Amino acid sequence: MKLNLLPVIMAGGSGTRLWPLSRALYPKQFLVLQGNQSLFQQAHLRLQSLGAQDIEVAKPCVVGNEEHRFLVLDQLRELKGEPSSLLLEPVGRNTAPAVALAALQAVAAGDDPILVVTPADQTVTDEAAYTKALQLAVRCAAKGDIVILGITPDRPETGFGYIRTGQAEADGARGVLAFVEKPNLETAKGYLAEGGYFWNSGMFVMRASRWLAALEHFRPDILQATRQSFDVRTTDASFVRPGKAEFAQVPSESVDYAVMEQCPGKPASGFVVRMVPLDAGWSDLGAWDAVWQVSPQDAQGNASQGDALLHNSRNTLVHATSRLVATVGLDNIVVVETPDAVLVADRSCSQDVKQIVNALALQERSEGTVHRRVHRPWGWYDSIDFGPRFQVKRIMVKPKASLSLQMHHHRAEHWIVVSGTAEVTNGDKVLMLSENQSTYIPLGTVHRLVNPGTIPLEIIEVQSGSYLGEDDIVRFQDNYGRSV
């Protein structure tokens, strides 16, 4: 009889320490930092590879937030995949309630699959070792264990929590003796010298019913509040939306604090936590220093992405996205360039980048939230120039996609087709425009842009008027459930 495995991908989070590439509305899990797949896509593919003669892998359950729902769908579709469900958290309540939502969704139809819970923003270099370790964890969980993946440490790291374990057992797993908070450097060195300590990966494996029972035992308040929110959920295709007011009342707590750290030393509880070692070139890419560590480096220890030219520089990371970035005489530096922001930081201080994001929020600046290129369910737009009373955008509409039927109170728009074919509703007229053709949308006119073709449509939009904000949109019809 096969073990039914349900991948649970935790796709929330804002990735503030990878600013300016990671932004709140396009966070690091959806970025392509190397190769041609995002971290989220890599996580999905790794989990789908866990199938074996005794293990059957279902479509993933993704836990994320409302603002990223179309990013999730688009990136799965690029891989010819789709989620079994996409649970949209109304507000962030940490990982324990998020996993509880996934477990409740998993058992709602009467099933009790083994959940493999993983963050969406990690990397591994040895996928065969990853698969072997996760398959062992699944088989342990089938016996009723709660299993955590522990990373074999290769340095005295102070940025991770640690797991203290007993001796390896016959199947290769280890009993968990204690969870340890992030240590100082001397303590971390002691852990490596002593042995038996592993980094906490944030990956967990257990039956859905087992997780719900553990929450009921250790944190019934979290389970009860999450269940109340789940019971009033609404469903729209693969989107599952728990009750917003009810979910706001759920206590915010991590999986570790809510359950994992409660189990060691308490055999009477009946909940046993075991750890499976993972030695697979793992990284959580928590900051730019971690990106440098996993990137290919030249003889001087430099790593670069994009159009970069480094001279007399060492141990430096350059990530260029829109122009040439040149460095001279740098050592241990991070340089990240985007069209609207540039970061220059000492690599050893890369954890502090989140302080810049905090400062941007206090100043109510958009650079901490959105890129200049803003992704929408129908495509994207890039604000390439602006000034008093005008703005110029480059707009891409996916094949067969459509913007909303809308109107603006304060601006008029000129549209010029660069490539593809546009179907334009302009007041009471419907026009078909091809390359180099244009139209004018007067202020207050109801309009819509549709791509009826099979290739992307690109246009240049010139806006003019007294107010050019994105909130000057009155929508009459929308294919994506947006009302504003």
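Details of the structure are given in the entry above.
The rules we used
Residues numbered from 1 in each chain as written. Predicted model: local features only at pLDDT ≥ 70, side-chain atom pairs only at ≥ 80, totals over all residues. Heavy atoms only, no water. Helix = DSSP H or I, 4+ residues; strand = E, 2+ residues; numbered from the N terminus. Rg over C-alpha atoms; globule rule 2.2 N^0.38 Å. Buried < 20%, exposed > 50% of the residue type's maximum accessible area, 1.4 Å probe, protein only. Contact = heavy atoms within 4.5 Å. Areas by Shrake-Rupley, 256 points an atom, 1.4 Å probe, with all protein chains shown as cover. Pairing = 2+ DSSP bridges. Axes fitted to C-alpha atoms, helices over the stretch in contact; angles between N-to-C directions. Salt bridge = Lys/Arg side-chain N within 4 Å of Asp/Glu carboxyl O. Parallel < 35°, antiparallel > 145°, perpendicular 65-115°, else oblique. Left-handed = near helix turned anticlockwise from the far one by under 90°. Nonpolar A, V, L, I, M, F, W, Y, C, P; charged D, E, K, R; others polar. Arc of directions from axis to C-beta. Phe/Tyr/Trp six-rings, centres within 6.5 Å; stacked < 30°, edge-to-face > 60°. Core = buried A, V, L, I, M, F, W, Y, C linked by side-chain atoms within 4.5 Å. Expected span 1.5 Å × (residues − 1).

Student: So, the overall build of the chain: which residues are in play, and what are the values?
Tutor: Across its full length, the chain carries 11 helices and 29 strands. Computed over its C-alpha atoms, the radius of gyration of the chain comes to 25 Å, within 12% of the 23 Å expected for a compact globule of 484 residues. Expressed as lengths along the three principal axes of its C-alpha atoms, the size of the chain is roughly 75 × 60 × 45 Å. Out of the 484 residues in the chain, the part that is buried amounts to 51%. Pairs at least 24 apart in sequence give 69% of the contacts found in the chain among residues at least 6 apart. Of the accessible surface of the chain, which amounts to about 21,600 Å², a share of 50% is contributed by carbon and sulfur atoms.

Student: Any details on unusual backbone geometry? Residues and values, ideally.
Tutor: A cis amide bond links tryptophan 19 to the next residue, proline 20, at an omega of 10 degrees. The residue proline 20 is located in the loop between strand E1 (3-10) and helix H1 (39-48) in this model. For glutamate 364, which is not glycine, the phi dihedral falls at a positive 55 degrees. Its place among the elements puts glutamate 364 in the loop between helix H11 (353-362) and strand E19 (373-376). Among the residues examined, glutamate 364 registers a relative accessible area of 74% and is labelled exposed. Backbone geometry at asparagine 436 places phi at a positive 75 degrees, although glycine is not the residue there.

Student: Requested: an account of the sheet that holds strand E23 (residues 411-419), with residues and values cited.
Tutor: Taken in spatial order, the six strands make up an open sheet running E19-E20-E21-E28-E23-E26, and their pairing is antiparallel. Edge positions in the open sheet fall to E19 and strand E26 (438-441), since each of these has one partner strand only. The mean angle between the axes of side-by-side strands here comes to 20 degrees, regardless of whether they run parallel or antiparallel.

Student: So what about the pattern of salt bridges? Which residues, and what values?
Tutor: By the definition in use, this model includes 22 salt bridges. Put simply, glutamate 413 and arginine 411 hold a salt bridge, and the shortest N to O gap is 2.9 Å. Considered together, glutamate 413 and arginine 411 belong to a single accessibility category, that of buried residues. Counted as one network, the salt bridges with shared partners bring together Asp145, Glu169, Asp171 and Arg274.

Student: Hey, could you go over the pairing of strand E15 (residues 317-320) for me, with residue numbers and the actual values?
Tutor: Burial along E15 is two-sided: the face carrying Leu317 and His319 and the face carrying Val318 and Ala320 are both buried. The pairing of E15 with strand E17 (residues 333-338) spans four bridges and is parallel. When the sheet's bridge partners are listed, leucine 317 is paired in E17 with valine 334.

Student: How would you summarise the packing of H1 against helix H2 (residues 69-78) if you had to cite specific residues and measurements?
Tutor: The geometry of H1 relative to H2 is characterised by a closest axis approach of 10 Å and an angle of 55 degrees between their N-to-C directions. Classified by the interaxial angle, the pair formed by H1 and H2 is oblique. Crossing handedness for the pair H1 and H2: right-handed. Along the contact surface, H1 presents Phe40, Gln41 and His44, while H2 presents Val72, Gln75, Leu76 and Glu78. Along the lines of polarity and charge, the residues of the contact of H1 with H2 split into three nonpolar, three polar and one charged.

Student: Explain H11 to me, using residue names and the numbers behind them.
Tutor: Those residues of H11 lying buried are Val353, Val357 and Leu360. All buried residues of H11 fall inside an arc of 60 degrees around its axis, so they share one side. In this structure, the buried side of H11 is in contact with strand E18 (341-346).

Student: Tell me what's going on with the packing of aromatic side chains, and back it up with residues and numbers.
Tutor: For any pair of aromatic rings, the description rests on two quantities: the centre-to-centre distance and the angle between the ring planes. Following the criterion strictly, the structure yields nine aromatic pairs and no others. Ring centres 5.7 Å apart and planes at 50 degrees place the aromatic pair phenylalanine 30 and phenylalanine 40 in the tilted group. Linking phenylalanine 30 in the loop between E1 and H1 with phenylalanine 40 in helix H1, this pair joins segments that are 10 residues apart in sequence. Looking at phenylalanine 30, the relative accessible area reads 1%, which means it is buried.

Student: Can you explain the nonpolar core? Please cite residues and give values.
Tutor: Counting 86 residues, the largest nonpolar core has Phe40, Tyr130, Leu149, Val205, Leu278, Trp288 and Leu449 as the members making the most contacts within it. Sorting elements by how many residues they give to this core places helix H4 (residues 127-141) first, with eight residues. Ranked by size, the runner-up nonpolar core spans 46 residues in total, among them Leu101, Met206, Trp211 and Val255.

Student: Just give me the short version of helix H3 (residues 95-107), but keep the residues and values in it.
Tutor: Its 13 residues place the ends of H3 18 Å apart at the C-alpha level, agreeing with the 18 Å of an ideal helix rising 1.5 Å per residue. Of all the 13 residues making up H3, 10 are buried; the element is thus mostly covered by neighbouring parts of the structure. Residues of H3 that are buried include every one of Ala96, Pro97, Ala98, Val99, Ala100, Leu101, Ala102, Ala103, Leu104 and Ala106, and no others.

Student: Give me the sheet that holds E15: which residues, what numbers.
Tutor: Taken in spatial order, the four strands line up as E13-E15-E17-E18 in an open sheet, and their pairing is mixed. In the strand order of this sheet, the two ends are held by strand E13 (303-305) and E18, each with one partner. Pairwise comparison of adjacent strand axes, ignoring direction, gives a mean angle of 5 degrees for this sheet. Note that E17 and E18 share six bridges and pair antiparallel. Across the sheet, residue isoleucine 333 finds its bridge partner in E18, namely aspartate 346.

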